[in-house]
Amino acid sequence: METQRKSSGDDDGGERGLLHTWKGYSCSVTPERLLLPGPILQVALGTRHGVLLVEGGQVYSFGEMPWKQSQAPEPAKPTLESALSGQRVVAVAAGSFHSGAVTEDGGVHMWGDNGSGQCGLSGLSAVPNPTPVALLDSGAAASPPQTAPVLELACGEQHTLALSAQREVWAWGSGGQLGLGVHAFPVWKPQKVEHLAGRHVLQVACGASHSLALVRCLSPQDVHRPLVDKCRQCNQLLFTMTDKEDHVIISDGHYCPLGAGPAEGGHGPEALAPSTQALKTSPSEPVLSFHAAASSNAPAPTGGAEPTQDSENEASDGALPASDSDPSAQSRCGGVSGVKGSPYPDEQAVKDYLKRLSESAQADQTAKATLLTSEGRLTTSTATLNSLVASCASAVGERVASTYEALSLKKMMSFYLPSGAARADGPVAGLAGIAGDNGAERVRQEDSTQAKKSSSTGDIREEEAEGLRRRLSLPGLLSQVSPRLLRKAGRPRMRAVALTPLGGVVPGTQEVFPSLQTEVWSWGHGEHGQLGHGDGLARLQPLCIKSLNNKEVVRVAAGAHHSLALTAQSQVFSWGSNSSGQLGHTESPSTVPRLAKLSEGIRVWDISAGDRHTLLLADGDCFLPIIYYSGQQVKEGVDESHAKGPGEQEEGTEEEERVGGYTQQPVLLPFCMDLGYVSNVVAGGQRCVALSDRNVMGFIASLHELASAERKFYCKLCTIKTQIIRPLLELESLSSALSPAAIGLLQTLAGRFSLLCHLTGQHAASLTAHLRRVRDVKSLLILDHAGIFLDSYHEYCSTVGNFQVMGGFQTLTKPSLDFFGKSPELLKRLSECSEENPSMADLLVALFFLPTRHPHEYGRLLLKLATCFEVCSDEYQMLQDSCSKFEALALELKRKRKDAEYTFHFWKSFPGKMTDSLRKPHRRLICESSNKALTLQNAGRFSVNWFIVFNDALVHAQGVAPCKNLFSTHHVFPLATLWVEPIPEENTGLYGLKVITPEETFNLLASSAMEKAKWLRSINQAVEQALSGAGQDTASVGSGSGQKLEPPISRTASYTFYKDGRLKDATYEGRWLAGKPNGRGVLKWPDGRIYTGTFKNGLEDGFGEFVAPNKTLNKADHYQGHWKDGKMHGVGTYRYASGEVYDGFFQDSMRHGHGVLRSGKLNTSSPSVFIGQWLQDKKTGYGVFDDITKGEKYMGMWQDHLRQGTGVVVTQFGLYYEGAFKDNKMMGTGILLSEDDTTYEGEFSDDWTLNGKGVLTMANGDYLEGSFNGEWGSGLKVAGSYFKPHLFLDTDKDKTRAVKLGRLCVRAEDKWKAVFEECWRQLGCEEPGRGENGTAWENIAVALTTSRRHIQDSPETLSQSHSRTLESLEVIPQHVGLITMERYHTIRLYLIKACDTPLHPLGRLLETLVAVYRMTYVGVGANRRLLPQAVNEIKSYLNRIFQIVRFLFPDLPEEGGLIPEPTTNVQDKKDPGSDDAPPESPKPGRVVSSSALLLPVLLPRLYPPLFTLYALEKEREDDVYWECVLRLNKQPDLALLAFLGVQQKFWPVSIPVPMPALGEKQQVLSSTKDVCFASAVETLQQISTTFTPSDKLQLIQLTFEEITQEVQALLKQDFLWSMDDLFPVFLYVVLRARIRNLGSEVSLIEDLMDPCVQHGEHGIMFTTLKACYYQIQHEKIT
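Residues numbered from 1 in each chain as written. Predicted model: local features only at pLDDT ≥ 70, side-chain atom pairs only at ≥ 80, totals over all residues. Heavy atoms only, no water.

Draft legend 1. View of the overall build of the chain. Per the secondary structure count, the chain includes 40 helices and 61 strands. For the chain, the residues scored as buried account for 56% of the 1678 residues in total. Long-range contacts, defined as pairs at least 24 residues apart, comprise 59% of the intrachain contacts of the chain with a sequence gap of at least 6. (Helix = DSSP H or I, 4+ residues; strand = E, 2+ residues; numbered from the N terminus. Buried < 20%, exposed > 50% of the residue type's maximum accessible area, 1.4 Å probe, protein only. Contact = heavy atoms within 4.5 Å.)

As structure tokens, this is what we get:
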């Protein structure tokens, strides 16, 4: 509720907030005007005084005020409360003899009588002036208590209630009406009413000695809070389960003996610490309300439960028979499951307990069957429910589960229940559908329901009991389960659709719109029945009035001893003392809420209660508000003397007879029409007040009209819902008359209707609240949240249309006739049907389409409001916009209705058999060709073709003319995948349209150019709307919106193929182009195959993923890679279900080109890896096969998966074979070496099996020659001669040894051809070197950009440096023209970058080569005998890559060619940098060689396997060398120099100290170690950290330069080395450098150094190093 009054722009001084006051209701009464300086916003009346709040926030008091010291003799004059000046007051309240005010910042000020502490100030009996009172919230964890800001106050006779901004209730004063559960009064300090903590309180009201609170039902979010399962006080379980033989009893009937006072609702008030904001268990909200059901069928004593009453079983006045003395009630005590017979502390507690029992005594007799409904109510926590059902299931077994299923609970709870409460409150536990309609279990007013006229003593609970008998209500969930119940539950289950909004219309609406899902709680004295719990007992703590649940109460009011509740449906419930007729009905006193008697069509929208009277503000026939009065007549002159003072007690009723009469039911006050537009009525003491506004520029009238129209519309919708929709849905005959599908549609329709109804109710309540306080335009919800209204109406209209199209209203005719009889007056009245005698179906159609006329009404009223403002104002603009939105909506809904009717009539005339399959709820007809306007081109002579355009499909029906059943077949083409284009009429004279669908294309002929244009437009429009998703709101053709709609030729859609072929029954979802899949999409086959990726022209093309399930292995094959024309083509990865993975190239869906196949994991039976060439799915060509289990590696030729041709095998035991293979075996000539150099050369017949002539050479050179037979290593049979050659000559041995390896293996040039071919193919060449240079560069650019685009989808895969490399590569370097030094360097840098990314063809080539090289020479392949092959392979790579580079840069000279001498200035530019970039040769860049350009990129990647082979080959030599190095390094420097024969003049005398103090030098002593030539030693050591020979040579050169520098410093003169001088010094440096694998380094340089440097300076230096290495090996140390 808004507490702040905004002043509106058109305020006209005294025109707003006029106050009229009067007493009684006789005709002679005329109200007086009270004049004040400004518009009055709020009035509050006490017994003899009143408080006024004036705009601007000033407060005036009038009447008798004994607490003021200087009481003026004339009490009537309003006097300003000056103590509040400077404070802006936003709300006031008055109790019997005290008053309160709330300021803008939430502060509370109290004044008046304080005898009972009602002003919240201790020690004063009266408070003369407004004094602040603080609400200190100590519950918060913060150490200083926070003050709680307040929204509104309510004052009674001896107590005050405040509603805080946190929506919590605070109380102070005296009496049980505080609800604090304390026994010591007065309570001076405001305290929180803990029993309501955690709930959202909307409003509070105070009677003389009782209190009321209006509470919003808990929303699902609140229910999900952690549940409490033990009472915090007595530590007993709150829920108990008792296992009977055929059912489980779940009880929450725990009564806490320690709770203060009768702890209604199961356990004590402090059961949850207030700060936890958790869910309170209380009678209105038991966390899981499964009530105790003792086996004797007695009701469980749940706190204050309100079991359903049967009228036979009830006293005529609705009071319950008292059962304090009823022995059966006492004996029942022990039968309560869940009490655990705990001993009660005192007699009082037992009495309270029995009192509570009496409230729930004699439960409904319908519970005789094992179904017991106690105050059943469900929380929406499905989780809670599920866990409970699960725990029950263990005990009850299948049966509970099936009940759960039968009641279809979970589904209903999660789907249908309203946000506020998924619980059917009160005895009608009507989750079972309609009954629980949030507040729609509308009480049938006695006067309007014919059937109820007789029982004038009707009580709400009676009606609910009847409702319970009339339909299955959910039992108190699963209290007891019997087979009969299951049968009963099974029947209505399918109709258990709740007429309840899901989540309050739209997720955001609960907060914005007022809640209709409310409860009324009451507490305090109850001797007059004013608490409404059906008895006269007092309640010390708040308790929910069960019978008002689901009544949509929006406002409560309390008189001295009676209470009122106003519902959203504009009805008034009243209960309590009726001594003066103040309840508006004849029940006296009424202990439960009953409807006030008002004539039909009177809609009450404001209520107020005084001491003995009630004021009602209502809408009548027009929207000028009218006032009703109910209660005591006041005679002037008598009144004051009889009203009681603060201390007096109530006198008997005889006094009233003396005073005068009272009303039997509410009477209309005749003068109310003269008061203008009344916005509030207030009653108090014996006085009445009305606040009214004059109609300023028609503005106020328009606001009243809007609110009144909405209230009227809501009441109408509720009537339709309760009197027509609900009875219809409950009809027995429904399931026989309607098909399940139609029932489903009807339920959806009912649900949508309910949503709309709920929204209207919320809106009506908000407009009413708006009228009572704010009255300005900008805060109208219909302006800010128009979208919610528009959506609800759209949805509703579509569902009505869907039901109508399916002929639903026709099939409803019979059930409706059964129910409403032959003369359906009620239907006629409600549907406002104007026809003479309409059919039942027409009546129903009119009735259900009725709400769709309301948006027009909104438009009209908003326009009316808009005219009250200046055209240029914001308000005018807002209202105008909203008005046009609703007008457009009204037109749209009209059109939707027309479409539905057009479609319905079409189906009626449509030939029978096809209707069933084609008639869909959402399908609407657009146009059809029954008038022969459209025919199929080239159709047969007798064939008949009929084309129908729906909003989602084009249907083509075919048949043969003379046949009885004309249309034998039909085909449905979904519009989303339909393309239509006009065929140009050049010379054919035919008006043709070409229709393209994914699997068919046909031409249609129109009868005229006009027809052709009409059909083209209709189809295109329908397609456009089907694509935009507005499928259900298609425009009918007639609306012919002038613009030409061309749907896009490329679009996203889903389609299932039906024709035979590769795609039969497959479903494609993705992009289309003119009838063919094109672009990204997903294709799914029914057998589980799925392709996800790009398409081109209907076939898979581009990058895609494919999954194919393997039935036998129960896993799926998975391919990820490139496709072309529907086949795998290009590079990809295929993971087989068997666990094999193929990574490589494909062609026509076969493995073709270079690829790697990994089989098995390392622990399975045959793990192996093959890398090499494939030809049409077979291993063919050169490949390397690593058999990890056998520990063998084969490198050689293959054919059809078999080893065939020459090859090499190495094993983990050091065996080496090279030679011929045939049929996968070693067959033919070969050479076999074992680890110890034993060699066999000759014939083989099988793996490792010698057979035929051969020579066997031992490690020492002895050899056997002859014929051999047998397996190697297992006893050979030999026939031949034995030779021991080195007894005679050494030369033969050298000859025989020289023959050895490399002759019988694959040549390096023949290896990995497929890899290089693939690279050439990427550059656009069919064969190496044949192709266009320009094309190659284009291909490179395309490859880079597409890869980049592919990667941009997943940027995380790309590092920053990588993306920078890519960007720089996208610039194509200048690749033609003369090569100069600069150009040569550009090329070199380009190559380095290109080889750095696998997205570049060269980079990809390099990556593959590195992979194959490692595969070959790592692991078992690290065999020293393979070194020559490994070196040759690198050289062959260099040559072949150089060929590609020269193809890209055609002007690059060939190997060994010269680059023309650069001009001097370039040379100058180049020289300074020559130290930084290690130059490739002495004069950088003169001679072009592949090694200079490419080794720097290639070698670092291949270095580890290659160097390992060198180390193995040189192992023995290196060991000898290393031993020597270690020995000699024990010597100090000078000794070593002497030993090596270095001339003394070269010995350093002193060396610089690392930290010199001014040129200080250190003497070289005889013991000094590791200091001479230290810098040269350090330089040489770096040789192990470089990769390429050129880099290593560069370091050797630097070492020499360092030595020279040091010697020159010694000799202080220029000096030329001679080899004799240099060698010993260098030898010293080499020894001191301690390079472990120097032999390997030397061999590597020798093998791979650039041929052009062999004879230069570098060559000589290298020879020196090599000489040192040999010298060290053979050094004899004396």
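Next comes the rest of the account.
Draft legend 2. Region of interest: the environment of Leu-178. Following the sequence through the fold, Leu-178 ends up in the loop between strand E15 (169-173) and strand E16 (187-192). Through-space distance from the C-alpha of Leu-178 to that of Leu-161 is 7.7 Å; in sequence the pair is 17 residues apart. Excluding residues within four positions of it along the chain, Leu-178 makes contact with His-159, Ala-171, Trp-172, Gly-173, Phe-185, Val-187, Val-193 and Trp-523.

Draft legend 3. Fine view of helix H39 (residues 1638-1648). Of all 11 residues that make up H39, nine are buried, and the element is covered over most of its length. By the burial criterion, the buried members of H39 are Leu-1638, Gly-1639, Ser-1640, Glu-1641, Val-1642, Ser-1643, Leu-1644, Ile-1645 and Leu-1648. The elements touched by buried residues of H39 are helix H31 (1427-1448), helix H33 (1490-1513), helix H34 (1515-1528), helix H37 (1589-1611), helix H38 (1619-1633) and helix H40 (1657-1674).

Draft legend 4. Molecular detail of the packing of aromatic side chains. Under the criterion given, the structure shown has 61 aromatic pairs. Ring geometry for Tyr-1217 against Trp-1248: centres 6.4 Å apart, planes inclined by 75°, an arrangement best described as edge-to-face. Note that Tyr-1217 is positioned in strand E54 (residues 1216-1222) and Trp-1248 in the loop between strand E56 (1239-1246) and strand E57 (1249-1257), a separation of 31 residues in sequence. (Phe/Tyr/Trp six-rings, centres within 6.5 Å; stacked < 30°, edge-to-face > 60°.)

Draft legend 5. Expanded view of the pattern of salt bridges. One pass over the full model with this rule turns up 41 salt bridges. Here Glu-587 makes a salt bridge to Arg-594, at a shortest N to O gap of 3.6 Å. Each member of the pair, Glu-587 together with Arg-594, is buried. Between Asp-619 and Arg-711 there is a salt bridge, and its shortest N-O distance comes to 2.8 Å. Residue Asp-619 is found in strand E28 (residues 613-619), and its partner Arg-711 is found in helix H12 (residues 699-730); the two are separated by 92 residues along the sequence. As far as the burial class goes, Asp-619 and Arg-711 line up, both buried. (Salt bridge = Lys/Arg side-chain N within 4 Å of Asp/Glu carboxyl O.)

Draft legend 6. Summary view of the sheet that holds strand E25 (residues 572-576). Strand order in the open sheet formed by four strands is E23-E24-E25-E26, and the pairing between neighbours is antiparallel. Whereas interior strands pair on both sides, the edge strands pair on one side only; in this sheet they are strand E23 (553-558) and strand E26 (590-595). Each strand axis lies, on average, 15° off the axis of its neighbour in the sheet, ignoring direction. (Pairing = 2+ DSSP bridges. Axes fitted to C-alpha atoms, helices over the stretch in contact; angles between N-to-C directions.)

Draft legend 7. Layout of H33. Helix length check: H33 (24 residues) gives 26 Å between terminal C-alpha atoms against 34 Å at 1.5 Å per residue, more than 12% under. Along H33, the largest kink reaches about 65° and is centred on Tyr-1503; proline Pro-1504 follows within four residues of it. You can read the cap of H33 off the contacts: a side-chain oxygen lies 3.1 Å from the backbone nitrogen of Ala-1492, and it is on Ser-1489. (Expected span 1.5 Å × (residues − 1). Bend = angle between axes of the 7 residues up to and from the residue. Polar contact = N/O pair within 3.5 Å; in protein donor to acceptor, adjacent residues only side chain to side chain.)

Draft legend 8. Focus on unusual backbone geometry. Look at the link from Phe-185 to Pro-186: it is a cis peptide, with omega at -5°. Note that Pro-186 resides in the loop between E15 and E16. Here the amide bond leading from Ser-588 into Pro-589 is cis, since omega sits at -25°, within 30 degrees of zero. Among the structural elements, Pro-589 can be located in the loop between E25 and E26. Here Asp-1200, not a glycine, exhibits a phi torsion of approximately 50°, which is positive. With respect to the element layout, Asp-1200 can be found in the loop between strand E52 (1192-1199) and strand E53 (1202-1211). Although it is not a glycine, Asn-1224 sits at a positive phi angle of roughly 70°. With respect to the helices and strands, Asn-1224 occurs in the loop between E54 and strand E55 (1225-1233).

Draft legend 9. The arrangement of the sheet that holds strand E17 (residues 200-206) in detail. The sheet built from four strands is open, its strands ordered E17-E18-E21-E22 with antiparallel pairing. The open sheet terminates on both sides in strands that have one partner only, identified here as E17 and strand E22 (539-544). Averaged over all pairs of adjacent strands, the angle between strand axes in this sheet comes to 20°, irrespective of strand direction. Relative to strand E21 (residues 518-524), strand E18 (residues 210-216) is paired through seven bridges, and the arrangement is antiparallel. Residue Ser-211 lies in a different strand from E21, and its bridge partner there is Trp-523.

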